[in-house]
Amino acid sequence: MKKMRLYFMVSLFLFIVAVIGVARNFRVNQIPNGSENTCANCHINPAGGGARNVFGIEVGTNFLSSGNVVWNINLASLDSDGDKVPNGVELQDLFGTWMTGQPNPGDNTKVTLPGDATSFKDGTVSVVFAGMTPHVGQKLELRLVNQSNLVEISRSVVNAIPAAAFIAVLTDLTPGSSYNVDFYADHNNNGQYDAPPTDHAWRVALNNVTDSTAMVNFTHNTSFTDINWPTAIIANPGSGIPGEFSLAQNYPNPFNPITHISFALPKNSRVKVEVFNLNGQRIRSLADNEISAGNYTVTWDGLDQYGHQVSSGVYLYRLSTPDVIQSKRMLLVK
Ligand SMILES: [Ca+2]
Ligand SMILES: [Ca+2]
Ligand SMILES: [Ca+2]
């Protein structure tokens, strides 16, 4: 009887030590930017010690080792609180590589709570990549493009893909539209997009977006899309509504291999931007969309509509709307 009581007491003691040990080690300094929100990352009570929130439960269930938090890309890739923003984006460590004792990663003004579904940054599109081994070390560029008018909303660059699994982020998503998330790995490492199979490009559609955040899980595949990348129309930020239609001189000019063409729309218009040779043959359509009033830029990569490089020489580019037609000359020099 005495023996049993002793056994019970020892067991209870060990249990208490274990619980205190786990709680004590379950520290904010073991997750990136953990100090930004103190224990509110993991506990319902920001002071900690009480019930855990969904992120805290996730960590406690699957990401503890000897009572210490195992912060890695697997935990970073999960969206514990279901707000369509992965933990790694909420805590500003996209690659899940931060380690205890290192300076806090990312932009601490963007840190949100991974255990609170009402805490997130509006407009975030998180792309969680897996299986990207063939592209490790290569540049990855992503663009968020409005499907209805092909206007580019935002872009993001990963200078070197760090590992098979990582996260990239695009911004400025708004509910009520459909978007394409276009991205390519610079497979031949020349700093620009070359149509597949030279570079590898993918498109993921976000149809009828209703939330102010979106999350895309992308596993590497060999389904490449020739997305005519450089011809997306880019809205020039902060330039207001122009007073009249105008078509600017391309820049640079002369050019090789790419040039930019800017135009201004004082009102919502159906817009075509096309490139012709001096025989009047159409070489390439750069835009053919309904676009809202504003200032925009398209880029021509010197390719014809079949993806072939055109020869040196003078080309015409033309802006057409129901109200105006304007054209200018440009010179491609090789
Ligand atoms: Ca989340
Ligand atoms: Ca959150
Ligand atoms: Ca390339």
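All of these numbers come straight from a predicted model, not from anything done at the bench. (Residues numbered from 1 in each chain as written. Chains lettered and ligands numbered in written order. Predicted model: local features only at pLDDT ≥ 70, side-chain atom pairs only at ≥ 80, totals over all residues.)

## With respect to the overall build of the protein chain
Moving on, step 1. On a plain count of helices and strands, the protein chain comes out with 4 helices and 17 strands.
Moving on, step 2. Here the protein chain has a C-alpha radius of gyration of 26 Å; the compact-globule value for 334 residues is 20 Å, and the former is much larger.
Moving on, step 3. Its C-alpha atoms put the protein chain at 105 × 40 × 30 Å along the principal axes.
Moving on, step 4. Taking all 334 residues of the protein chain together, the buried fraction comes to 34%. (Helix = DSSP H or I, 4+ residues; strand = E, 2+ residues; numbered from the N terminus. Rg over C-alpha atoms; globule rule 2.2 N^0.38 Å. Buried ≥ 20, exposed ≤ 12 C-beta atoms within 10 Å, placed from the backbone.)

## Re the sheet that holds strand 14 (residues 282-291)
Moving on, step 1. Spatially, the 4 strands line up as an open sheet ordered 14-13-16-17, and their pairing is antiparallel. In this open sheet, the two strands that pair with only one neighbour each are strand 14 and strand 17 (325-332). With direction set aside, neighbouring strand axes in the sheet form an average angle of 15°.
Moving on, step 2. Pairing analysis gives 5 bridges linking strand 13 (residues 269-276) to strand 16 (residues 313-320), with the strands arranged antiparallel. Looking at strand 16, one finds that V275 is bridged to Y317. (Pairing = 2+ DSSP bridges. Axes fitted to C-alpha atoms, helices over the stretch in contact; angles between N-to-C directions.)

## Quick notes on the confidence of the model for the protein chain
Moving on, step 1. Per-residue confidence for the protein chain averages 89 on the pLDDT scale, and 91% of its residues sit at or above 70.
Moving on, step 2. Overall, residues 16-25 carries pLDDT values under 50, and its contacts beyond four positions in sequence, including any with other chains, amount to 5 contacts. (pLDDT = per-residue confidence, 0-100. Contact = placed C-beta atoms within 7 Å.)

## A word on helix 2 (residues 54-62)
Moving on, step 1. By the burial criterion, the buried members of helix 2 are F55, G56, E58 and V59. The arc that holds every buried residue of helix 2, seen down its axis, measures 160°, which confines them to one face.
Moving on, step 2. Buried residues along helix 2 sit in contact with strand 1 (64-65), strand 2 (68-69) and helix 4 (87-90). (Arc of directions from axis to C-beta.)

## Section: the sheet that holds strand 9 (residues 214-219)
The pairing of strands in a sheet comes from backbone hydrogen bonds and takes either a parallel or an antiparallel form.
Moving on, step 1. Strand order in this open sheet of 3 strands is 6-3-9, and the pairing throughout is mixed. If you trace the sheet from one side to the other, it starts and ends with strand 6 (166-170) and strand 9, each paired once. Put simply, the sheet's adjacent strands are angled 20° from each other on average, direction ignored.
Moving on, step 2. Where strand 3 (residues 125-130) and strand 6 come together, 5 bridges link them in antiparallel fashion. Looking across to strand 6, one finds that V125 is bridged to L170.

## What about the pairing of strand 17?
Moving on, step 1. Here 8 bridges tie strand 16 to strand 17, and the two strands are oriented antiparallel to one another. Bridge pairing in strand 17 links R318 to S327.
Moving on, step 2. Turn length for the strand 16-strand 17 hairpin, with the two strands adjacent in sequence and antiparallel, is 4 residues.

## As for the environment of Y317
Moving on, step 1. If you trace the backbone, Y317 turns up in strand 16.
Moving on, step 2. The residues contacting Y317, other than those within four sequence positions of it, are N250, I261, V273, E274, V275, S327, K328 and M330.

## Considering the domain arrangement of the protein chain
Moving on, step 1. The domain boundaries assigned to the protein chain delineate domain 1 (2-110), domain 2 (125-227) and domain 3 (233-332).
Moving on, step 2. Taken together, the contacts link 12 residues of domain 1 with 13 residues of domain 2.
Moving on, step 3. Secondary-structure elements contributing two or more residues to the side of domain 1 that touches domain 2 are helix 3 (73-77) and helix 4.
Moving on, step 4. The biggest single contributor to the side of domain 1 that touches domain 2 is helix 3, with 3 residues.
Moving on, step 5. For the side of domain 1 that touches domain 2, the per-class residue count stands at 7 nonpolar, 2 polar and 3 charged. (Domains from an automatic or database assignment. Nonpolar A, V, L, I, M, F, W, Y, C, P; charged D, E, K, R; others polar.)

## Quick look at unusual backbone geometry
Moving on, step 1. Here the residue pair Y251 and P252 is connected by a cis peptide bond, since its omega of -10° sits within 30 degrees of zero.
Moving on, step 2. Turning to its location among the elements, P252 is positioned in the loop between strand 11 (246-247) and strand 12 (259-265).
Moving on, step 3. The backbone phi angle of S66 is positive, close to 55°, even though this residue is not glycine.
Moving on, step 4. If you trace the backbone, S66 turns up in the loop between strand 1 and strand 2.
Moving on, step 5. A positive phi is found at Q92, a non-glycine position, where the angle reads about 65°.

## Observations concerning the nonpolar core
Moving on, step 1. In terms of nonpolar packing, the biggest core is built from 49 residues, with V125, V127, F129, L144, I167, A168 and V181 touching the most fellow members.
Moving on, step 2. Counting only domains with at least three residues in this core, you end up with domain 1 (2-110) and domain 2 (125-227).
Moving on, step 3. Not counting residues up to four positions away in its chain, the partners in contact with F129 are A165, F166, I167, A168 and F218.
Moving on, step 4. Ranked by size, the runner-up nonpolar core spans 19 residues in total, among them I233, I291, Y317 and L319. (Core = buried A, V, L, I, M, F, W, Y, C linked by C-beta atoms within 7 Å.)

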